[in-house]
Amino acid sequence: MIGILTLLLVGGFLTPLFYRRWGDRTASRLALLPALSFLLLVGMGGSMSGQGGIHLISLTWIPELNFTLSFALDGLSLLFALLITGIGAFVVWYSGAYFDGDPTGCRFVMVLMLFMASMLGVVFADHVIVLFIFWELTSFTSFLLIGHNHREEAARKAALQALLVTGAGGLFLLAGLLILARAGGSYELSSLITNTSLPAHPLFNEAIALILVGAFTKSAQVPFHFWLPNAMQAPSPASAYLHSSTMVKAGVYLLARLHPLGVESWLWSDVVAPIGALTLFTGAVMAYGQVYLKRLLAYTTVSALGGMTMLIGFGSPAAAKAAVVFLLAHALYKASLFLVAGIIDHETGEKHIDRLGGLRTLMPWTALGAGLAAVSMMGLPPTLGFLGKELLYAADRGLVYLSISVLAGMFFVYVAYRTGVRPFVGLHRVTQKPGHEAPPAMWAGPMTLGGLSILLAVFASVTGKWIVAPAAQAVLGEPTAIKLVLWHGWNRELMLSLLTLGLGVAAILLVRPVSRLFSPVSRAAVIGPDAWYRAGLKGIQQGSVGLTRILQSGYLRAYIDSIVLFILLTAGWHFLGKVPFPGFAELHAVDINDLILVSLLFVAIAGALLSRSRMAAIASLGVIGYGIALIFVLYGAPDLAMTQMVIETLTVILLVLAFYHLPKFALRSSRPARIRDFALATAVALFTGAMTYAASFGEIAPPISWFYSENSWLNAYGKNVVNVILVDFRAMDTLGEITVLTVAALGAMALLKLRIGGQKGGGS
Amino acid sequence: MELLMAIVVGLLYGGGLFLMQRRNLVKFIIGLAMLSHGANLLIFTAGGLTRGAPPLIGEGETLPPALHADPLPQALILTAIVISFAVLAFALVLFLRAYQTTGTDDLDDLRSTDT
């Protein structure tokens, strides 16, 4: 498994190199990689002998975090892996012809290959974090593929929408998986789903709910369905591959994977099945009346995904079997139809269904492939589509679900006719491009996949034994006898099938009345969630603009004010409430020297504040500095005093020199502004003063200074403790300080030397 | 003495802040310098005042006298003095340059990156 993953990942990353060498022929050669993987997987499936065996591989990655790259292969993941590599091979091959002569083809094929590897990673992963990583990678590659034509705004918007919806869902998924892993005490899915004590955990339902959000966004369930039809901006091969047969089924896969655990939660039957049914219905109704090939197909994909979700929500063995068959059938026919839609678009330049007709004579092979897929989608015997529908009806849970299924089936017949039959029959219509048969690389996919829909159904017992039974058993988490038979005799399901067909034919013939009947539903579904999404996105943008405008006013003092206010409100509040304020006891009596010094400082501060003259202000500042130096002298800090003296002298000289170049003071602030600033400054003065006073009493934690005093001579051989701290104990800090000085000096130098006036043009 | 020191610290902080809120570049610089002084003095006072006993080890001794000023805040302040000088000098040159380029020393006129 790891070999296959590596093969595809490396192949993906090396695609540009191959393109440089082989040009447009690269894709057809690269398609051999997934084809080879497919064969390898078939071999692995054979060796598991169809008995629900599990291949487990673990590679230690970060042992400290108990993090292993563990992968598992069972019937379910094998089915998905076969679809991913099998359809993938055709899609890559197809892309080569689709992008023939287009230089962006290289990028497309590269992302496609990387997507393939990510998707395989999702279905192989056994470790929940590994699963999540690959899950997000599929969202990410999907974003790149939808936005492939990045010059078109619609494509960019659709790509962003898909990324936001599925990415947000991914975060929910991560949260849910982590809760599950915590509760279950293991990060391995294989041990989590067999953990019988997990459902009793108090957070079990919450975890399942979070995971459901992730699965629903990925698989486009109502109300997250809107991103999928918009994703049709992607080139057709991507739509065929990601948005019908593989990526969107990741959500279904996850539900199926967690099925044995999930059925223990009430959410399963009460949320998953109804949401699935609702999606099945909504998608089908919305497909009706669409006139663009791909959008039409996209809505039925939404609908089909809903059907699978609903079946998994039922939680019975019959439903699991139906889900697996339906999934297989849908992947085959939907990929074919999308590829056909791509061919029609590519060869005729038309996307609008009503402008197409009679293409049968122009492109016979494509028409055949489309016909095969359409027959399967309609659910005519003997196809997988027929089987899937029969099983869907057989697994029913009451009249509501059943009638929704029949209704959806009716629309499926209609859509299959419109997309797989209608463009090819009837009178030939003139299209933008003359239209001719596509190269074999393009019709081989629809042909093969459409053919398989019939072959696999004809040999139902083989399909049942090797594909459906292992997958269904993996979904159920226990060995169950599952057989697949094409013909069940004249029973209720067959009658329902016939009814569906009849309704479908009626829908084809009576387009107008039927669409009028369902138009309120589709209108509500169109304006609903998509509008919420857009409103939400707009709201976030406008909110951030407004917030930025408030926070980034551009006034320096506004920033200072906000910092100061924040400190006052948080630290100040804490200080007022918690710290006991000492009385006015004096630790050190005031002698005459102190008094003179402090008075001097008061006068100097007043001078600096009130002076109208620049020189007087600088002189006052100098007095403050020297006064503080004297305090250092009196209270046992000779080093500080010396440094302060030197620095203060330098500062004064520098200020005098610089102010020579600056204009005189001007009174600029208004009176209210001065009063406001004065109030704030007073509050700060009171706060810092009180803090200083309180801090000079008592100790919150024992001091660590004794260490420096005791070891200064004994270990560092220095007699001046302060100096020893600076150059020995904390030498690295001093180095940092010197660095700051150097950087500041270099910066100042650069600013002084800079000649802005000499530059022309350039930035603003 | 602690009370007086606390008042001085409060005045330095309040005065420095008030000056920094003025629209004048020069006043801003002076306010910044006052704020630095206030911070230094705050650390010094909070570390405990010890009169006339510097943390020095006498000739022939291995330990400083039993009662001596706390060396740790002094080391911190020493670093702070030098750093605040660097900041001040850099801010000064920056403002000087801004004034030469934009022709104004009014901070309210320096709101956007376009000159």
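Residues take numbers from 1 onward in each chain, read along the sequence in its written order. To label them, take the chains in the order written and letter them from A, then take the ligands in the order written and number them from 1. Confidence filtering applies because this is a predicted model: local features only for residues at pLDDT of at least 70, side-chain atom pairs given and counted only at 80 or more, and all residues used for totals across whole chains, interfaces and linings. To get the side-chain values, all heavy atoms of the structure are used, and hydrogens and water are removed first.

**What about the overall build of chain B?**
Then comes step 1: We count a stretch as a helix when DSSP gives it H or I for four or more residues in a row; a strand needs E for two or more, and each element gets its number in order from the N terminus. Summing up its helical and strand segments, chain B has 3 helices and 0 strands in all.
Then comes step 2: In sequence order, chain B lays out its α and β elements as α-α-α.
Then comes step 3: Projected onto its principal axes, the C-alpha positions of chain B cover 65 × 30 × 15 Å.
Then comes step 4: The classification of residues rests on relative accessible area computed with a 1.4 Å probe and restricted to protein chains. Under 20% of the type maximum is buried, over 50% is exposed, and intermediate values are partly exposed. Across the 115 residues that make up chain B, the buried fraction comes to 61%.

**Focus on the domain arrangement of chain A**
Then comes step 1: Domain start and stop positions are those given by an automatic or database domain assignment. Taken domain by domain, chain A consists of domain 1 (266-509), domain 2 (556-701) and domain 3 (706-764).
Then comes step 2: Domain 1 of chain A and domain 3 of chain A are separated by 73 Å when their C-alpha centres are compared.

**A word on the packing of aromatic side chains**
Aromatic ring pairs are described here by two measures, namely the spacing of the ring centres and the angle between the planes.
All names here are of chain A.
Then comes step 1: Any Phe, Tyr or Trp ring, taking Trp's six-membered ring, that has another such ring centre within 6.5 Å forms a pair; planes under 30 degrees apart are called stacked, those over 60 apart edge-to-face, and the others tilted. This structure, assessed with the given rule, holds 18 aromatic pairs over all chains.
Then comes step 2: Taking 6.3 Å as the distance between ring centres and 80° as the angle between the ring planes, the aromatic pair formed by tryptophan 706 and phenylalanine 707 counts as edge-to-face.
Then comes step 3: What makes tryptophan 706 exposed here is its relative accessible area of 52%.
Then comes step 4: Note on tryptophan 713 and tyrosine 717: the rings are 6.0 Å apart at their centroids and 80° apart in plane angle, and the pair reads as edge-to-face.
Then comes step 5: Judged by relative accessible area, which is 27%, tryptophan 713 ranks as partly exposed.
Then comes step 6: Through successive ring pairs, a cluster of aromatic residues spans Tyr94, Tyr98, Phe99 and Phe108.
Then comes step 7: Across from the ring centre of tryptophan 713, 4.5 Å away, lies the NZ or CZ of lysine 719, which sits over that ring. The criterion for a charge sitting over a ring is simple: Lys NZ or Arg CZ within 6 Å of the ring centre, and within 35 degrees of the ring normal.

**A short note on the pairing of strand S1 (residues 55-62) of chain A**
Residue and element names in this part refer to chain A.
Then comes step 1: Bridge count between S1 and strand S2 (residues 67-73): 7 bridges; the pairing is antiparallel. Residue pairing for S2: serine 58 is matched across the bridge by serine 70.
Then comes step 2: If DSSP finds at least two bridges between two strands, the strands pair. Here S1 hands over to S2 after 4 residues, with asparagine 66 in that stretch at a positive phi of 55°.

**Quick word on helix H27 (residues 614-634) of chain A**
Then comes step 1: For H27(A), with 21 residues, the first-to-last C-alpha span of 31 Å sits near the 30 Å given by 1.5 Å per residue.
Then comes step 2: Note on H27(A): the residue one or two positions beyond its end, Gly636(A), has a positive phi of about 70°. How far a helix is expected to stretch is found by multiplying one less than its residue total by 1.5 Å.

**Let's talk about the nonpolar core**
Then comes step 1: What we call a nonpolar core is a set of buried Ala, Val, Leu, Ile, Met, Phe, Trp, Tyr and Cys residues that are connected through their side-chain atoms within 4.5 Å. In this structure, Phe124(A) and Trp227(A) are the most contacted members of the largest nonpolar core, which totals 191 residues.
Then comes step 2: No other element matches the 21 residues that helix H16 (residues 317-348) of chain A contributes to this core.
Then comes step 3: Not counting chain neighbours up to four residues away, the residues in contact with Phe124(A) comprise Met1(A), Leu5(A), Leu41(A), Ser70(A), Phe71(A), Ala72(A), Leu73(A) and Ala81(A).
Then comes step 4: Core analysis: the second largest hydrophobic core is formed by 71 residues, Leu597(A), Ile631(A), Leu32(B) and Leu41(B) among them. Throughout, a residue-residue contact means that at least one pair of heavy atoms, one from each residue, lies within 4.5 Å.

**Some points on the side chain of Asn720(A)**
Then comes step 1: Summarising the element assignment, Asn720(A) is placed in the loop between helix H30 (705-714) and helix H31 (721-729).
Then comes step 2: A polar contact is formed between the side chain of Asn720(A) and the backbone nitrogen of Val722(A), at a distance of 3.1 Å.
Then comes step 3: Residues in contact with Asn720(A), not counting those within four places in the same chain, are Asp639(A), Ser712(A), Pro55(B) and Leu56(B). Distance and chemistry together define a polar contact, namely a pair of N or O atoms within 3.5 Å, with one atom able to donate a hydrogen and the other to accept it when in protein, and with adjacent residues in sequence counting only for side-chain atoms on both sides.

**Quick look at the packing of helix H19 (residues 399-421) of chain A against helix H22 (residues 492-509) of chain A**
Residue and element names in this part refer to chain A.
Then comes step 1: Following both chains from N to C, one finds H19 and H22 inclined at 50°, their axes separated by 8 Å at the closest point. Taken together, the axes of H19 and H22 lie oblique to each other. Between H19 and H22 lies a crossing of right-handed hand. For the pair H19 and H22, the contacting residues are Leu402, Val406, Gly409, Met410, Val413, Tyr414 and Tyr417 in the first and Arg492, Leu496, Leu499, Thr500, Leu501, Leu503, Gly504, Val505, Ala507 and Ile508 in the second.
Then comes step 2: All residues other than Ala, Val, Leu, Ile, Met, Phe, Trp, Tyr, Cys, Pro, Asp, Glu, Lys and Arg, Gly among them, are scored as polar; the first ten of these are nonpolar and the last four charged. Its residues assigned to classes, the contact of H19 with H22 shows 13 nonpolar, 3 polar and 1 charged. Between the N-to-C directions of two axes lies an angle of 0 to 180 degrees, each axis being a line fitted to C-alpha atoms and, for a helix, fitted only over the stretch in contact. In what follows, roughly perpendicular refers to angles from 65 to 115 degrees, roughly parallel to angles under 35, roughly antiparallel to angles over 145, and oblique to any angle outside these ranges. Handedness of a crossing follows from how the near helix is turned relative to the far one, being left-handed for an anticlockwise turn of less than a right angle and right-handed for a clockwise one.

**Notes on the interface of chain B and chain A**
Then comes step 1: In this assembly, 85 residues from chain B lie in contact with 97 residues from chain A.
Then comes step 2: Here the quantity called buried area is the accessible surface, traced with a 1.4 Å probe, that two parts lose on coming together, added over both. Together chain B and chain A conceal approximately 8600 Å² of surface at their shared face, both sides included; 73% is due to carbon and sulfur atoms.
Then comes step 3: Each reported salt bridge corresponds to a side-chain nitrogen of Lys or Arg within 4 Å of a carboxyl oxygen of Asp or Glu. Inspection of the region where chain B meets chain A yields 3 salt bridges.
Then comes step 4: As a salt-bridge pair, Asp594(A) and Arg51(B) come within 2.8 Å of each other at their nearest N and O atoms.
Then comes step 5: Of all elements in the fold, only helix H1 (2-20), helix H2 (25-46) and helix H3 (71-102) of chain B reach the threshold of two or more residues within the side of chain B that touches chain A.
Then comes step 6: Among the elements that line the side of chain B that touches chain A, the one with the most residues is H3(B), at 22 residues.
Then comes step 7: For the side of chain B that touches chain A, the class distribution of residues is 54 nonpolar, 17 polar and 14 charged.

**With respect to the pattern of salt bridges**
Then comes step 1: Applying the stated rule across the entire model yields 11 salt bridges over all chains.
Then comes step 2: Close ionic contact of Asp354(A) with Arg418(A) constitutes a salt bridge, the shortest N to O distance being 3.2 Å. With Asp354(A) in the loop between H16 and helix H17 (364-378) and Arg418(A) in helix H19, the pair connects residues that are 64 residues apart, well separated along the chain.
Then comes step 3: Assessed through its relative accessible area of 34%, Asp354(A) is described here as partly exposed.
Then comes step 4: Taking the relative accessible area as the measure of exposure, Arg418(A) reaches 11% and is therefore buried.
Then comes step 5: Each member of the salt-bridge network shares a partner with another, and the members are Asp591(A), Asp594(A) and Arg51(B).

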